[in-house]
Amino acid sequence: MAPRPARAALLVAGLLLALLAAGCGQGPSGAGPITLVFKHAKILGPADPVPGLLRRFEAEHPGVRVHSEALTWSSDEQHQFYVINLEGGSPPFDVMMLDVIWVPEFARAGWILDLTAQVPPAECDAHFASAIEPATQDGRLWALPWFMNVGLLYYRKDLLAKYGLAPPETYDELARQVRLIQAGERDPRLDGYLWQGKQYEGGMVNVLEALWANGTRVIDERGRPFPEPERAREALAALRGLIESGVSPPWVTAADEELTRRPFGDGRAIFLRGWPYALDLFELPDSRVRQRVGVAPMPRLAHGPVGAASTGGAHLAVSARTRHPALAVELVRFLTSDVAQRAMTEGAALRPSRPALYHDAQLIARDPTLPALLPLILRGHPRPITPYYLMLSTTLQPEFSAVLVGRKSPARAVQDGIAQVRHLEQALGR
Amino acid sequence: MRGGRLRDALVLAALALYAAPFFWQALTSVRPDAELLPLASLLPGRLTAVHYEVVLAKSLMPRALLNSLGVALISTALAVGLGALAGYALVRLPVPGRGPILLAMIAATAFPQIATVSPLYLLMRTLGLRDTWLALILANASFALPLVIWLLAGFIREIPRALEEAAATDGADRMATLYWVILPLVAPGAASAALLAFLFSWNEFLFAYSFTATEASRTVPVALALFPGVFEVPWGDIAAASLLASLPPVLIVVGFQRYLVRGLLAGALRE
Amino acid sequence: MASPRCDTSSRRSAADVADRRLGWLLLAPALLLLGGLTVYPAIWVIWLSLQYRVPVFGIARWAGAAHYAFLTVDSRFWNAAGVTALFTVASVALESILGLAMALALRGQQRGRRVAVALLLLAWALPSVVTAKMFEWLYHPSGGLVNFLLGGRAVNWLGDPALALPSLVLADVWRTTPFVALLCYARLLTIPAELYEAAEVDGAAGVQAFARITWPLVRPILLVALLFRTLDALRAFDIMFVLTGGGPAGSTETLTVYAYRALFQTLQIGFGSAIGVVVFVLVMLVAWAYLRLINRQEAAA
């Protein structure tokens, strides 16, 4: 007659074994046709073109199935997912969608395949140089561009026209226009210039654009941080000045793309810095700013050029541990081909990475803004192309954020930023 | 104690007010999206179960709940099982150096998780235990063990030696005494320790966040922290998920209050 | 005690040896688990802090005290240390006062004790992530209850660097005060009513009774509660990480959050370990100081 503790223990043990079995109950998928796993973020827009494209690839390659798996929405989480799975050794995917800034990092870490041999130079030339360049490391090609992004200055055509203004070329002019329009409209809910100042990669992009607009960079070819500290200080001061002078509302320091797009889309702001996807949302039938939005190049500061916007976008790469390298590379080439990018531009709020498509009559008929975007993309340039870009970004983001909320002076932030980057480079052995 | 009933009621009302954030979250979980942002009135115009539907049918929470339950139950069993044996040994058996060992246990309760997370991360990576229940079970059990041992040692010490000696003279050896005499008597104390260990494991975030990468292996706190929002944050859904995540703790507080309180007090009052 | 036995020396030592062996056997699994997953990592992290370790790029080489040297001049580290100190002191102070007040209020409770304790413990038992999400929603500029109760003013509790830390402290105090309250309450219950009655007879009531009877008896347990709470506050991670992520601009970035970011965001295992070691040493020092204080109090009593 077992005492109560023993019976209880047996019961618990039984329950635990059952739970353990449930927890481990994730068997591997069975054998069968060759299956490629394509990991990508959900494509937003009126229709998702990806399933159609995958079926087409399957039709052209009998015996092959492509299984599509969604990534989380947040870029940081996607990166963490990739790092943890690729580091672990046998990642359960073959083709992956990468943010362009991760390509050099993944290449250096040995996680993605070298595509140089399988991609003819003519194919590379068919894409934007600012899309191919960040995907090249040590002279080899590691990923192909899937779609393209560039930072744009959105403005309210109707408001600027009402006061006889042309899109501003400098930040000073932008501030002046905001004050003029706000005084004229006398609408307390009309904000001036919305941009992304939150402490995340998007905020870094905004700061980089301001640095470039003042003719300086965050890091030079030799890896020296802030080669022109005075200009960097000016750029940061300019951004902080936008908030202090009221041109931008204080909440931009906690705002990301969506938190700024919505108010602009509701007609509550004059200017917005955003990516091209927003344009399609502004032109939806029920949008309050339909037909009243224009795009212009990013303004400049004292020492830099107009239109110094950041390019971005997603690339496709092949996992180095894939069991079907040739097939996976073919899938990548197919999805980045002229045909596929055309389908993606038509179906989703995405812009192609092939310049030729911006002159395509069929596409222009659907989206008349394409020709206007082309010069803007050509003027933009990519973020620093280094395997350590993310480390750099996450190291500097807190410094920039401190300036934007007024906790640190720009000079101090640049100084501390230099110290932090030098420490980072020490660790990396450079 | 004059004016007792009124005073009692006021105190209860004050405490209900203290717990108001939780009740507000419960209310949020049944408030329709349209009434969430901006907030127009305290009480919702109508109630909706859509948030729970989304959370249970379309989110990762059900899987996360299973993960959390499994990890918490098994790590609790491990911690209490090993802890009971170790506690008995430290209190009743002439183990050399048991004083320093007990002292080391107490010191170990103060170890910060942030300090051990990096080596543990590397360890789990090397052993290929990332995304597994085992990694979290071992980490949670190990972290809860010092407190469990300390508690159980205290409870066992309270058991009169006379009982053990009576069993000894009846011919029972140590193991039998442990099994038939000690364990049944320390069962309530073990229940308290188990509740604390379970709560710790259920609520544990840092290790779970660091050792898991895929969505399928997340525990409840991680799933809640990483709750997906495509464009906007789905506050209603998050509230519903929060309520689900709070079920075991609430059940414990309401149903096993006596054991919980005993465990908390014993942990603090033991000199 | 033990009944007298005849010749026992050899029999006793044999039983002793058997007991000792059994003791080790029973202790071994626990020690193994602890040794492998708590003690070994505690030593390993010191080793890691003396290296440059970036696993993603295969970097692993000796750094010596380079990380610690950098920390001494790192403004972000000192900011984090300041935030940690401020957070700890503010939380613990508020919790003690509030917890003691709650315990005093509860002491006279006749009816509904179980309900009262349940309502109290609810806040403590919830997962910290749940509490963080709960307060994030309460503090929401337009959808949050706090701003609603303030008449619709859109205060940005978590986005304003001046307000973020107090908001965080409030959330943590809400979560942990019940622990202090419970401890004090349990202690108060053990104080016999006769003591108060005797004091009343002597003409001392209310505040004087508190000062002469309640406070000296409750102080030791309050000190123990403070010890636990201080150590917990120094090690706190979940609530600030989920509620504010250390922002805005590092105004709520404690040492633990800084360490986490260094470890898993910039992937510098060596540097992050160094910060972790600093937290470790800090916690141990504080624990030691508190224990000495408690011992001295007990010796005086």
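Residues numbered from 1 in each chain as written. Chains lettered and ligands numbered in written order. Predicted model: local features only at pLDDT ≥ 70, side-chain atom pairs only at ≥ 80, totals over all residues.

Enquirer: Sorry if this is basic, but what is going on with the interface of chain B and chain C here?
Expert: One frequently used descriptor of interface size is the decrease in accessible area upon assembly of the parts. Contact with chain B, which involves 75 residues of that partner, is made by 78 residues of chain C. Its residues placed into classes, the side of chain B that touches chain C shows 59 nonpolar, 13 polar and 3 charged. (Contact = placed C-beta atoms within 7 Å. Nonpolar A, V, L, I, M, F, W, Y, C, P; charged D, E, K, R; others polar.)

Enquirer: Would you take a moment to explain the nonpolar core for this structure?
Expert: Residues and elements named next belong to chain B. In terms of nonpolar packing, the biggest core is built from 305 residues, with V148 and L152 touching the most fellow members. The greatest single-element share of this core, amounting to 19 residues, is contributed by helix α7 (residues 133–158). Excluding anything up to four places from it in sequence, L152 contacts G83, A84, G87, V186, G189, A190 and A193. (Core = buried A, V, L, I, M, F, W, Y, C linked by C-beta atoms within 7 Å. Buried ≥ 20, exposed ≤ 12 C-beta atoms within 10 Å, placed from the backbone. Helix = DSSP H or I, 4+ residues; strand = E, 2+ residues; numbered from the N terminus.)

Enquirer: What am I meant to see in the confidence of the model for chain B here?
Expert: Predicted coordinates in regions of low pLDDT should not be interpreted in detail. Residues and elements named next belong to chain B. Looking at chain B as a whole, its pLDDT mean stands at 89, while 97% of the residues score no less than 70. Summarising per-element confidence for chain B, the mean pLDDT is lowest in helix α8 (residues 161–169) (83) and highest in helix α2 (residues 20–28) (95). Reported for the predicted complex are a pTM of 0.87 and an ipTM of 0.91. (pLDDT = per-residue confidence, 0-100.)

Enquirer: Honestly, the domain arrangement of chain A in this entry has me stumped. Any pointers?
Expert: All names here are of chain A. Here chain A is described as being made up of domain 1 (34–149 + 312–379) and domain 2 (152–309 + 388–428). The interface is formed by 15 residues belonging to domain 1 together with 14 residues belonging to domain 2. Elements represented by at least two residues in the side of domain 1 that touches domain 2 include exactly α3 (75–88), α4 (103–108) and α16 (370–379). Residue composition of the side of domain 1 that touches domain 2, grouped by class: 6 nonpolar, 5 polar and 4 charged. (Domains from an automatic or database assignment.)

Enquirer: Can you help me understand the sheet that holds strand β3 (residues 95–99) of chain A in this one?
Expert: Two pairing modes exist for strands in a sheet, parallel and antiparallel, and in both the strands are linked by backbone hydrogen bonds. Residues and elements named next belong to chain A. Strand order across the open sheet formed by 5 strands is β2-β1-β3-β11-β6, with mixed pairing between neighbours. Across the chains shown, the open sheet's two edge strands, defined by having one partner strand only, are β2 (64–71) and β6 (144–150). Across the sheet, the axes of successive neighbouring strands diverge by a mean angle of 20 degrees, strand direction being ignored. Most of the contacts of helix α13 (residues 325–335) go to strand β11 (residues 311–318), to which it runs at about 150 degrees, and overall it touches β1 (34–41), β2, β3, β6 and β11. (Pairing = 2+ DSSP bridges. Axes fitted to C-alpha atoms, helices over the stretch in contact; angles between N-to-C directions.)

Enquirer: Mind showing me how you'd approach the pairing of strand β2 (residues 59–62) of chain C here?
Expert: Consecutive residues of a regular strand have side chains that alternate between opposite faces of the sheet. All names here are of chain C. Two elements, strand β1 (residues 51–54) and β2, share 4 bridges in a ladder whose sense is antiparallel. Across the sheet, the residue bridging to R53 is A60, located in β2. Between β1 and β2, which follow one another and run antiparallel, lie 4 residues, and G58 among them has a positive phi close to 70 degrees.

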